[in-house]
Amino acid sequence: MSFKNRNVISMKDFSRKEIDHVLDTAEKLEPVARGEERSRLLDGKIIALLFFEPSTRTRLSFESATQRLGGQVLNLGSVEASSVMKGENLADTIRVISKYADLIVLRHPLDGSARMAAEFAGVPIINGGDGSLHHPTQTFLDLYTIRRESHLEGLKIAMAGDLKYGRTVHSLCHALSLYGAEITLVSPPELRMPQEIIRDLQKNNIRIRENDSLEEIIDDVEVLYMTRVQRERFPDPEEYEKVKNRLKVTGDLLKNADSSLKILHPLPRVNEISPEVDSTPYACYFKQAFYGVPTRMALLALATGVIE
Amino acid sequence: MKEKRDLKIQAIENGTVIDHIKAGQALNVLRILGISSAFRATISFVMNAPGAAGIKDVVKIEGKELSVEELNRIALISPKATINIIRDFEVVQKNKVVLPSYVEGVVRCINPNCISNSSEPIKSKFSVVQSEEDGVTLRCLYCEHVISENIAENLL
């Protein structure tokens with residue numbers, strides 16, 4: 001299995017065996033991500049970070065991953081100060097930056113932009129989020145967190161919050177279906193998971209149930225994946241106000257949870273997890289943010305070919 | 001009666017006749033084939049012509065044999081159309097259109113946020129699937145949006 005020059009655009013492009021290989025590689029690199037060991041794996045390599053919309057955590061996590069491996073980062077900087085403001089199209093930007101860097105991490109507001117970029121780039125593209133579509137490195141790090149803190153095979157997981165628009169839960173569902181997960185979807189009726197995604201999962205013989213209450217399911221899951229209800233998705237602010245606090249993880253809720261329960265969240269959170277949960281053994285979301293570094297290190301190292 | 005009906009479109013000496021087009025779709029067939037005012041061959045067509053299996057449209061293209069690949073795109077909007085290649089007034093080849101598995105630059109993606117609807121130098125690309133429950137569906141190869149209805153309205 002060779003990952004050299006491989007693009008990372010969508011989780012659907014990866015088999016279970018390939019995902020396992022990425023996660024195994026991340027695990028080997030974890031001491032480097034923690035700063036406990038030094039690595040020069042990316043020595044002499046330049047990673048271009050083209051972020052056409054702000055995403056501080058993803059960008060800094062890629063920067064950290066590159067620098068921990070001894071590589072260097074080329075940063076687009078603010079879009080306002082780039083050639084985009086002169087009217088340059090993305091295809092040309094990608095063609096040019098391909099000549100300056102060994103790999104491009106792209107974040108762009110348009111759906112399908114990473115797929116298009118891969119057509120024009122002479123170097124691998126890692127999708128750092130394209131529109132509302134894919135964010136595969138988030139899914140890789142979610143899977144890595146689940147594997148490190150719980151287990152992947154046959155996992156009983158609940159995904160809660162905005163399941164309609166949340167791209168992280170869409171691709172995580174797909175990836176977990178490769179591991180035979182039992183998935184419970186918890187959301188207000190207005191924010192249910194799209195039916196076509198449920199249909200796809202059912203085709204893979206995945207057990208899915210839907211609920212609108214965390215209380216009813218909390219004692220029967222091993223991982224609870226919370227997502228933020230995104231204010232910007234609601235044209236009517238009153239509608240947002242109605243649902244924003246409908247699902248909330250509190251100390252009280254967790255009294256009925258299994259002691260091994262792990263709570264994940266892609267962050268940032270707003271109201272959906274009380275701060276009192278942070279100090280409990282259930283809270284896994286800050287570790288999850290850290291696990292983004294070894295996971296992204298693995299993807300960078302594999303795609304540039306410095307690790308087989 | 002038969003003679004009168006035949007007069008609606010003259011027989012062609014050489015070229016392509018697309019028959020059994022779903023009624024009302026002849027103009028869309030021309031769009032699918034990229035036939036515009038710059039096209040040099042003679043085109044004639046009838047819309048809503050009575051046929052044995054109900055009303056239909058017919059398009060005749062004089063002096064030009066279109067490729068099967070081009071013609072199969074017609075299956076997106078008219079899956080029962082037939083293609084007749086004419087040489088010296090004789091039908092030398094008669095085929096039904098076959099749904100292609102992929103089309104490029106034919107249909108606009110319905111997702112306004114899709115990169116293919118921006119000013120990038122790319123053509124729209126779709127994989128094509130036919131199923132009993134959903135009929136013909138197109139999946140955008142950039143943004144993965146699915147078009148299952150009104151394909152004709154989204155022709156480029």
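Please read these numbers as outputs of a predicted model, since none were measured by experiment. (Residues numbered from 1 in each chain as written. Chains lettered and ligands numbered in written order. Predicted model: local features only at pLDDT ≥ 70, side-chain atom pairs only at ≥ 80, totals over all residues. Heavy atoms only, no water.)

1. Considerations on a nonpolar patch on the surface
All names here are of chain A.
Phase 1 of the analysis: There is a patch of nonpolar side chains on the surface, built from Leu 74, Val 96 and Tyr 100 and spanning about 260 Å² of accessible area.
Phase 2 of the analysis: Turning to its location among the elements, Leu 74 is positioned in strand β2 (residues 72–75).
Phase 3 of the analysis: What makes Leu 74 partly exposed here is its relative accessible area of 34%. (Patch = residues over 30% accessible without salt bridge, like charges linked within 9 Å, V, L, I, M, F, W, Y side chains within 5 Å. Areas by Shrake-Rupley, 256 points an atom, 1.4 Å probe, with all protein chains shown as cover. Salt bridge = Lys/Arg side-chain N within 4 Å of Asp/Glu carboxyl O. Helix = DSSP H or I, 4+ residues; strand = E, 2+ residues; numbered from the N terminus. Buried < 20%, exposed > 50% of the residue type's maximum accessible area, 1.4 Å probe, protein only.)

2. Side note on the UniProt feature "domain: Aspartate carbamoyltransferase regulatory subunit C-terminal" (unreviewed entry) in chain B
Phase 1 of the analysis: This chain's UniProt record puts "domain: Aspartate carbamoyltransferase regulatory subunit C-terminal" (unreviewed entry) on residues 103–150 of chain B.
Phase 2 of the analysis: Split by type, residues 103–150 of chain B is 0% helix and 35% strand. Its first and last C-alpha atoms lie 16 Å apart. (UniProt positions renumbered as here; feature names shortened; annotations may be inferred.)

3. Some points on the confidence of the model for chain B
Residues and elements named next belong to chain B.
Phase 1 of the analysis: In the predicted model, chain B carries a mean pLDDT of 88, and the fraction of residues at 70 or more is 94%.
Phase 2 of the analysis: For chain B, helix α1 (residues 2–6) is the element with the lowest average pLDDT, namely 50, and strand β6 (residues 102–104) is the one with the highest, namely 94.
Phase 3 of the analysis: Here the predicted complex scores 0.90 on pTM and 0.89 on ipTM. (pLDDT = per-residue confidence, 0-100.)

4. A few points about the packing of aromatic side chains
Residue and element names in this part refer to chain A.
Phase 1 of the analysis: Summed over the entire model, instances satisfying the criterion amount to 5 aromatic pairs over all chains.
Phase 2 of the analysis: With 6.2 Å between their ring centres and 15 degrees between their planes, Phe 3 and Phe 14 make a pair best called stacked. Highlighted residues: Phe 3 in the segment before α1 (16–33) and Phe 14 in the segment before α1, separated in sequence by 11 residues. Neither Phe 3 nor Phe 14 differs from the other in exposure class; each is buried.
Phase 3 of the analysis: Among the aromatic residues, those joined into a cluster by ring pairs are Phe 3, Phe 14 and Phe 140.
Phase 4 of the analysis: One cation-aromatic arrangement involves Arg 6 over Phe 3; the distance from NZ or CZ to the ring centre is 5.4 Å. (Phe/Tyr/Trp six-rings, centres within 6.5 Å; stacked < 30°, edge-to-face > 60°. Lys NZ or Arg CZ within 6 Å of the ring centre and 35° of its normal.)

5. Overview of the pattern of salt bridges
Any two side chains of opposite charge can pair, on the condition that their charged atoms come close.
Residue and element names in this part refer to chain A.
Phase 1 of the analysis: The full count for this structure, using the stated rule, is 23 salt bridges over all chains.
Phase 2 of the analysis: Across the pair Arg 192 and Glu 210 runs a salt bridge, and its minimum N-O distance is 4.0 Å. With a gap of 18 residues between them, Arg 192 in the loop between β6 (182–186) and α7 (195–203) and Glu 210 in strand β7 (residues 207–211) connect regions that are remote in the sequence.
Phase 3 of the analysis: Salt bridges linked by common partners bring Arg 16, Asp 20 and Glu 153 together as one network.

6. Looking at the packing of helix α5 (residues 136–149) of chain A against helix α6 (residues 167–177) of chain A
All names here are of chain A.
Phase 1 of the analysis: Where α5 contacts α6, the axes come no closer than 9 Å and their chain directions differ by 55 degrees. Judged by the angle between their axes, α5 and α6 are oblique. Two packed elements cross with a definite hand, and for α5 against α6 that hand is right-handed. Listed contacts from α6 to Gln 138, Thr 139, Asp 142, Leu 143 and Ile 146 of α5 are Thr 168, Ser 171, Leu 172, Ala 175 and Leu 176.
Phase 2 of the analysis: For the contact of α5 with α6, the class distribution of residues is 5 nonpolar, 4 polar and 1 charged. (Axes fitted to C-alpha atoms, helices over the stretch in contact; angles between N-to-C directions. Parallel < 35°, antiparallel > 145°, perpendicular 65-115°, else oblique. Left-handed = near helix turned anticlockwise from the far one by under 90°. Contact = heavy atoms within 4.5 Å. Nonpolar A, V, L, I, M, F, W, Y, C, P; charged D, E, K, R; others polar.)

7. Focus: the domain arrangement of chain B
All names here are of chain B.
Phase 1 of the analysis: Taken as a whole, chain B is organised into domain 1 (15–96) and domain 2 (102–154).
Phase 2 of the analysis: Placing a centre on the C-alpha atoms of domain 1 and another on those of domain 2 gives a separation of 23 Å.
Phase 3 of the analysis: At the junction of the two partners, domain 1 supplies 7 residues and domain 2 supplies 9 residues.
Phase 4 of the analysis: Taken together, the two surfaces of domain 1 and domain 2 that pack against each other cover about 590 Å², and 73% of this comes from carbon and sulfur.
Phase 5 of the analysis: For domain 1, the biggest contributors to the area lost against domain 2 are Arg 73, Leu 76 and Ile 77; these three give 70% of the whole.
Phase 6 of the analysis: Linking domain 1 with domain 2 are 0 salt bridges, by the criterion used here.
Phase 7 of the analysis: Our count for the domain 1 to domain 2 interface comes out at 0 residue pairs in polar contact (both at pLDDT 80 or more).
Phase 8 of the analysis: Looking at the side of domain 1 that touches domain 2, its residues break down into 3 nonpolar, 2 polar and 2 charged. (Domains from an automatic or database assignment. Buried area = accessible area lost by both parts, 1.4 Å probe. Polar contact = N/O pair within 3.5 Å; in protein donor to acceptor, adjacent residues only side chain to side chain.)

8. Thoughts on the UniProt feature "binding site: Zn(2+)" (unreviewed entry) in chain B
Residues and elements named next belong to chain B.
Phase 1 of the analysis: The positions that UniProt labels "binding site: Zn(2+)" (unreviewed entry) are, in the present scheme, Cys 109, Cys 114, Cys 140 and Cys 143. Across 35 residues of sequence, these annotated residues stay compact in space, with a maximum C-alpha separation of 8.9 Å. Checking the annotated residues one by one, the ones that line the largest pocket turn out to be Cys 143.
Phase 2 of the analysis: Tracing the chain through its elements places Cys 109 in the loop between β6 and β7 (125–131).
Phase 3 of the analysis: For Cys 109, a relative accessible area of 3% gives the class buried.
Phase 4 of the analysis: When residues no more than four places from it in sequence are discounted, the contact partners of Cys 109 are Cys 114, Ser 116, Asn 117, Phe 126, Cys 140, Cys 143, His 145 and Ile 147.
Phase 5 of the analysis: One can find Cys 114 in the loop between β6 and β7. (1 Å grid on protein atoms, 1.4 Å probe; cavity = no way out; pocket = protein on both sides within 12 Å on 5 of 7 lines; lining within 4 Å.)

9. Looking at empty space enclosed by the protein
Residues and elements named next belong to chain A.
Phase 1 of the analysis: The full count for this structure, using the stated rule, is 2 cavities of 30 Å³ or more.
Phase 2 of the analysis: One number sums up the size of the largest cavity: a volume of about 40 Å³.
Phase 3 of the analysis: Around the largest cavity, the lining residues are Gly 161, Met 226, Thr 227, Val 229, Val 243, Lys 244, Leu 247 and Glu 272.
Phase 4 of the analysis: Among the residues forming the lining of the largest cavity, the class breakdown is 4 nonpolar, 2 polar and 2 charged.
Phase 5 of the analysis: In this structure, the second largest cavity spans a volume of roughly 30 Å³.
Phase 6 of the analysis: The residue makeup of the lining of the second largest cavity, split by class, is 3 nonpolar, 1 polar and 3 charged. (Points joined across faces, edges and corners; volume = space filled by probe spheres on them.)

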